Each structure stands twice: as C-alpha cells, then as structure tokens.
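# Secondary and tertiary structure notes
Listed below, chain by chain, are the residues.
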Amino acid sequence: MGVDRNVAAGLTDIKENIAWFKNSQDVLTINTAAELKAFAEMSKTYNFKGKTIKLGADIVFNTGDAATYASKAPANVWTPIASFKGTFDGDGHTISGVEITANGSEQGFFRKLSQSAYVSDLHIQGKVIPGGSRSKVGGIAGYNAGSVTDCSFTGTVSGRDQV
C-alpha cells in the first residue's frame, strides 16, 4: 500500500505547495494537506476576499485520534486560517486530524471569519484545546461574523468563554 498523498508529513516548504494559487482566478481548488497548510500560511497576509476556495478531496492532516495524541503529539499542529473574507466551499469533503493547541483567543479551523466570509459543506474532525486566555474557541471558527452553513465538527473543543 502506497503512502496517502493527503497525509501532511513534511509540510515544511510552503513555497512548493502554492501552485494551486492563481491570483487571476476566482475559484481556487485545494487537493492536499500541503496545499491546505500553504493556504493557512498565506492567510496571514492575504484575506482571499472575492475568492472561492474549494476542497477537491478529503484531506488527512494527521493520522490517529485523541487517544493516540494523549501519549504522542501529532506530527502536524494546525495553524488556524488567520482572517478570512472569501468563500470556502468544502464540497462535502472532510478534513481530519486537525489539532489546535496554541495559546490565545479566537482559535478554530478559521481564527476569524469576517462579514463577507461564507463557509459551506465543510466537515472537520479533530481537537481544539488552546492554552492561555482560551476565549472565542470553536471547531469551525473562533470568531464568526460571516455565514457558516452545512458544516460540522467532530471531536473536542475546549475553552473558557464564548465556546
């Protein structure tokens, strides 16, 4: 059995994983864990307003489950998508193995969804257990001023307030 191309091992070189991004295109498709990680890194400086990000496949970010992570940390800790202003169409796909443990508030797969953000048909499996202040914590978004429809989160979410 070959290695699953969606397993996120070795996501150190973001530059190699942005071929999916074409600023001239309105719809951008992400197919791998490496591309998803690059998208999250790009969100630190680019908000994707007017763009639609579409998942083209189920993505396994980490293998294992919460019981496994209790004794051994996952290979890849998810860095939440910073501030998103576009459309994210999960197309019914699942992103599994999401692990968020960073300190701070506004923690979730998306840290912050602005008023223009729209997230749909996305399924996330994982764990959101930040340290520090731990307010505004969610599976899909830490802070949501946009629209989230037909999405689900399966796993553990823990915080102090506004969970």
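Given the structure is predicted, the values throughout are model-derived calculations rather than measurements.

## Considerations on the overall build of the protein chain
- From N to C terminus, the protein chain includes two helices and 12 strands.
- Counting helices and strands in the order they occur from the N terminus, the protein chain gives β-α-β-β-α-β-β-β-β-β-β-β-β-β.
- Out of the 163 residues in the protein chain, the part that is buried amounts to 44%.
- Looking at the protein chain alone, contacts between residues at least 24 apart form 79% of all its contacts between residues at least 6 apart.
- Total accessible area computed for the protein chain in this model is approximately 7,900 Å², and 47% of it derives from carbon and sulfur atoms.

## Brief notes about the pairing of strand 2 (residues 52-55)
- Residues I53 and L55 point to one face of strand 2 and are all buried, whereas T52 and K54, pointing to the other face, are not buried.
- As judged from the four bridges shared by strand 1 (residues 27-30) and strand 2, these two strands associate in the parallel manner. Across the sheet, the residue bridging to L28 is I53, located in strand 2.
- The parallel pair strand 1 and strand 2 is bridged by helix 1 (residues 33-42), and the resulting crossover is right-handed.
- As paired elements, strand 2 and strand 5 (residues 87-89) share three bridges and run parallel to each other. The partner of T52 across the bridge, within strand 5, is T87.

## So, unusual backbone geometry
- For F48, which is not glycine, the phi torsion reads 65 degrees and is therefore positive.
- Along the chain, F48 falls in the loop between helix 1 and strand 2.
- Here D150, not a glycine, exhibits a phi torsion of approximately 50 degrees, which is positive.

## Section: the confidence of the model for the protein chain
- Considering every residue of the protein chain, the mean pLDDT works out to 79; 72% of them sit at 70 or more.
- In the model, residues 1-12 has pLDDT below 50 throughout and makes 23 contacts with residues more than four positions away in sequence or in other chains.

## Remarks on the sheet that holds strand 7 (residues 110-113)
- Taken together, the three strands give an open sheet; going across it, the order is 4-7-10, and neighbouring strands pair in parallel fashion. A strand with exactly one partner marks an edge of an open sheet, and here the two such strands are strand 4 (81-84) and strand 10 (141-144). Each neighbouring strand pair of the sheet contributes to a mean axis angle of 10 degrees, computed without reference to strand direction.
- One ladder, built from three bridges, connects strand 4 with strand 7; its direction is parallel. Bridging across to strand 7, I81 finds its partner in F110.

What counts and what doesn't
- Residues numbered from 1 in each chain as written.
- Predicted model: local features only at pLDDT ≥ 70, side-chain atom pairs only at ≥ 80, totals over all residues.
- Heavy atoms only, no water.
- Helix = DSSP H or I, 4+ residues; strand = E, 2+ residues; numbered from the N terminus.
- Buried < 20%, exposed > 50% of the residue type's maximum accessible area, 1.4 Å probe, protein only.
- Contact = heavy atoms within 4.5 Å.
- Areas by Shrake-Rupley, 256 points an atom, 1.4 Å probe, with all protein chains shown as cover.
- Pairing = 2+ DSSP bridges.
- Right-handed = clockwise from strand over helix to strand, strands pointing away.
- pLDDT = per-residue confidence, 0-100.
- Axes fitted to C-alpha atoms, helices over the stretch in contact; angles between N-to-C directions.

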